[in-house]
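Observations on chain architecture
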Amino acid sequence: MNQPEQEVLILGTRGSSGAYAIRDFLHRCGVHFQWIELADDEQARSQAQVTGINDNRLPICIFPDGTRMQHPTVRQITEKLGLFQNPSQSEYDLSIYGAGPAGLSAAVYGASEGLKTVVVERFAVGGQAGTSPRIENYLGFPGGISGAELAERAREQACRFGAEILLLREGIRGEFQPGKGTVYLADGTKIISRACVCATGVEYRRLGLPNEDHFRGAGVYYGAGASEASLCAATDHVFVVGGGNSGAQAALHFSRFAVKVTMVVRDDSLKKSVSQYLVDRIRSTTRIEVLLLTEVTALHGDHTLRAITLKNKLAGNEWMEETNWLFLCLGGVPHTQWAEEIGIVRDEAGYLVTGPDLMKNGHRPGNWHLDRDPYYMETNLPGIFAAGDVRHGSVKRCASAVGEGAMAVTFVHRYVANG
Ligand SMILES: Cc1cc2nc3c(=O)[nH]c(=O)nc-3n(C[C@H](O)[C@H](O)[C@H](O)COP(=O)(O)OP(=O)(O)OC[C@H]3O[C@@H](n4cnc5c(N)ncnc54)[C@H](O)[C@@H]3O)c2cc1C
C-alpha cells in the first residue's frame, strides 16, 4: 500500500490458518513479506524464540522497525502498517461498498470527477480479481498482470484522486431516504452519503462438507491461492476443485511449483466452462491431471488437511489421496440479504436487479415514486446503484466490472443533479 517497500517477516508453521490469513492479506495489499516456515521445535526456538511449533504465540510477525507481534490479527497488522483508517468526513457524495474491480473503478471515476468518495471494503482491495495469479484478458496488459498488482494500481489511482478507502470494514445494514443514505458498518461506524454503489461481488461457494471450516486456511483455501503457490514444495501434490477459468488459472499457476496438480471437475468436459487458451495450456502441461465427473466427498486430517476422498460420479467408486493443499474455485454467490430487508429487488439467486430489468410490461417497480424510470444501474431504491458481479445480468469479468463501476458513477451524477 502506501509503504510497499516494507518487508514483514512472518514466522509460523505449515497449515496455520492465522498465518495464511496474514499472508493472504499482505499479498493482496502489495505489502512485501517473507514467510519463514518453522519445521520443528528446534527451529521454533532458535528462529522465533518460542518454546516449540505448538506454542500458541505463533505466528510471529516482525516489522522493519523491529516491532514483534505474537499471534496478531489482520486488523492489528493493518493498524501497525498505517493502513487502517477512520472516515475523515461526516458526509460524502458517494459511498461505495466493495473494493473489487467494480468498486475501485467507481472510486477512480467518482473521486476524479469531484465527488467526495469513500470506499468501504470488508477485507483487502482487489476482490476476487485480487486472488488471481494472472489476468491475461484485461485490456492493456498483453503479458498479463497479477490480480493483486492490478488492484494495488487501482487503489493508488483512486487515492491519488482523493478517494478514501476503509479496509477491514463491512457494510451490514442501510437506511435510505431521498438524497441521503446511511450505511451501518459491522464495527458501529456510520457512513452517510447522497448516493451509494453496491459493488460487493460474490462470495466463494463452499463444498458443503461437515469439517470444511475446520480446515479453512489450514489446507483448504478459497480462490486461486496466489499468495500460496510459491510455498508449495516441489514434491507436493495440489488439488484444485472447479472447472471454470479461475480453477484453470490456479492449476496452471500451481504447476510451476508443485510436482503434480489435479483438477477435480464435476462436469464431463473442461471445454464447456474454460476459455480455449487455458484448455490448450492445461492439455500441454504434463504436471496437470484433469479428473472429470469427479467430486470431493470428504476431508481428513488433524489440525491441518492431510487427505481427501474423491468420488467418480459415473462409476461410483471412491478413493483417498494424500494432500495438504486443496484449492476451491467453485464460483460464487452474492450475499445480499441486507438488500432484501430494505425492499431492494433481487433475482431468485440474490443478485440485485437494476435499470430496465426492473420494468415489468413497461411499468416501473411498485415502490418507485419518481417521475422517471430507474437509471440503467440503479436499483428500485433511487440513488442506490449496483455494479459488477453483484448485479443481476452482469458478465462476471474484470473488464465488465470495471466498466460497470465507471458507468454507475455517470448515473450517480445524474441522480445527484436531478434526483
Ligand atoms: C481466481 C479468479 C480468477 C479470475 N480471473 C479472471 C480473469 O482472468 N479475467 C476476468 O475477466 N475475470 C476473472 N475473474 C473474475 C473477476 O475477478 C470478477 O468478475 C471481478 O472480480 C468482479 O468484480 P466485482 O468488483 O464486481 O466483485 P469482487 O471482485 O467480488 O469484489 C467485491 C468486493 O466486495 C467486498 N465486500 C463484500 N461484501 C462487502 C460488505 N458487506 N462490505 C464491504 N465490502 C464487501 C469483498 O470483500 C470484495 O473485495 C476471476 C475470478 C477469480 C475468483
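Presented here is a report on the structure given in the accompanying data block. In this text the structure is predicted, and so the values were computed from the model without any measurement.

1. Quick word on the overall build of the protein chain
A tally of helices and strands in the protein chain yields ten helices and 21 strands. Taken over the C-alpha trace, the protein chain has a radius of gyration of 22 Å; the compact-globule value for 419 residues is 22 Å, and the two agree within 12%. In terms of its C-alpha atoms, the protein chain occupies a principal-axis envelope of roughly 70 × 55 × 40 Å. Taken over 419 residues, the protein chain has a buried fraction of 52%. Surface accessibility of the protein chain: about 18,500 Å² in total, with carbon and sulfur atoms responsible for 49%. Taking the 41 positively charged and 46 negatively charged side chains of the protein chain as two groups, their mean positions are separated by 2 Å.

2. Quick word on the site of the ligand
Looking at the ligand, there are 33 residues lining it, with Glu121, Gln128, Gln249, Asp389 and Cys398 nearest. Contact between the ligand and alanine 129: an oxygen atom at 3.3 Å from a main-chain N or O atom of the residue. Take cysteine 398: an N or O atom from its main chain is 2.8 Å from an oxygen atom of the ligand. Elements supplying a minimum of two residues to the shell around the ligand: helix H4 (101-112), helix H7 (245-254) and helix H10 (398-418).

3. Regarding H4
Between its first and last C-alpha atoms H4 spans 16 Å; for twelve residues at 1.5 Å apiece the expected length is 16 Å, and the two agree. Summarising burial for H4: nine of the twelve residues are buried, a large majority. Within the sequence span of H4, burial applies to Ala102, Gly103, Leu104, Ser105, Ala106, Ala107, Val108, Gly110 and Ala111. Those residues of H4 that are buried lie in contact with strand S5 (92-97), strand S6 (117-120), helix H5 (147-160), strand S7 (164-166) and H10. Among the residues trailing H4, glycine 114 stands out with phi positive, at a value near 90°.

4. A look at the sheet that holds strand S1 (residues 7-12)
Read across the sheet, four strands follow the order S2-S1-S3-S4 without closing on themselves; strand pairing throughout is mixed. The strands lining the two open edges of the sheet, one partner per strand, are strand S2 (32-37) and strand S4 (68-70). Each strand axis lies, on average, 20° off the axis of its neighbour in the sheet, ignoring direction. In the packing of helix H1 (residues 17-29) onto the sheet, the strands contacted are S1, S2 and strand S3 (60-62), and the crossing angle to S2 comes to about 155°.

5. With respect to the pairing of strand S8 (residues 171-177)
Two elements, S8 and strand S9 (residues 180-185), share six bridges in a ladder whose sense is antiparallel. Note that in S9 the partner of glutamine 177 across the bridge is lysine 180. A loop of two residues connects S8 with S9, the two strands running antiparallel in sequence, and glycine 179 in this loop sits at a positive phi of about 80°.

6. Some details on the side chain of glutamate 212
Mapped onto the elements, glutamate 212 comes out in helix H6 (residues 212-215). Of the side chains with opposite charge, arginine 206 lies nearest to the buried glutamate 212, which makes no salt bridge, at 4.3 Å. Not counting the four nearest positions on each side in its chain, glutamate 212 is found in contact with Arg206, Leu207, Tyr222, Leu299 and Leu328.

7. So, the nonpolar core
Formed by 74 residues in total, the largest nonpolar core has its most connected members in Leu26, Val197, Val238, Val240, Phe254 and Phe385. Setting aside anything within four residues of it in sequence, one finds valine 240 in contact with Gly247, Ala250, Ala251, Phe254, Val261, Thr262, Met263, Val264, Phe327 and Cys329.

8. Focus: the sheet that holds strand S18 (residues 318-322)
The three strands are arranged S16-S17-S18 in an open sheet whose pairing can be described as antiparallel. The open sheet has two free edges, formed respectively by strand S16 (294-301) and S18, since each of these has just one partner strand. Strand-to-strand twist of the sheet, defined as the mean angle between neighbouring strand axes without regard to direction, takes the value 25°. Across five bridges, strand S17 (residues 305-312) lies against S18 in antiparallel orientation. When the bridges of S18 are listed, isoleucine 308 appears paired with glutamate 321.

9. Here's the deal with the packing of aromatic side chains
A complete count under the given rule lists nine aromatic pairs for this structure. Arranged with centres 4.9 Å apart and planes meeting at 20°, the rings of tyrosine 221 and phenylalanine 327 form a pair that is stacked. Note that tyrosine 221 is positioned in strand S12 (residues 220-222) and phenylalanine 327 in strand S19 (residues 325-328), a separation of 106 residues in sequence. By relative accessible area, which is 0% here, phenylalanine 327 ends up buried. Of the aromatic side chains, those joined through ring pairs into one cluster are Tyr20, Tyr221, Phe254, Trp325 and Phe327. A cation over a ring is seen here: arginine 23 above tryptophan 35, with NZ or CZ 4.4 Å from the ring centre.

Conventions we followed
Residues numbered from 1 in each chain as written. Predicted model: local features only at pLDDT ≥ 70, side-chain atom pairs only at ≥ 80, totals over all residues. Heavy atoms only, no water. Helix = DSSP H or I, 4+ residues; strand = E, 2+ residues; numbered from the N terminus. Rg over C-alpha atoms; globule rule 2.2 N^0.38 Å. Buried < 20%, exposed > 50% of the residue type's maximum accessible area, 1.4 Å probe, protein only. Areas by Shrake-Rupley, 256 points an atom, 1.4 Å probe, with all protein chains shown as cover. Lys, Arg positive; Asp, Glu negative; His and termini not counted. Charge placed at Lys NZ, Arg CZ, Asp CG, Glu CD. Near = heavy atom within 4 Å. Polar contact = N/O pair within 3.5 Å; in protein donor to acceptor, adjacent residues only side chain to side chain. Expected span 1.5 Å × (residues − 1). Contact = heavy atoms within 4.5 Å. Pairing = 2+ DSSP bridges. Axes fitted to C-alpha atoms, helices over the stretch in contact; angles between N-to-C directions. Salt bridge = Lys/Arg side-chain N within 4 Å of Asp/Glu carboxyl O. Core = buried A, V, L, I, M, F, W, Y, C linked by side-chain atoms within 4.5 Å. Phe/Tyr/Trp six-rings, centres within 6.5 Å; stacked < 30°, edge-to-face > 60°. Lys NZ or Arg CZ within 6 Å of the ring centre and 35° of its normal.

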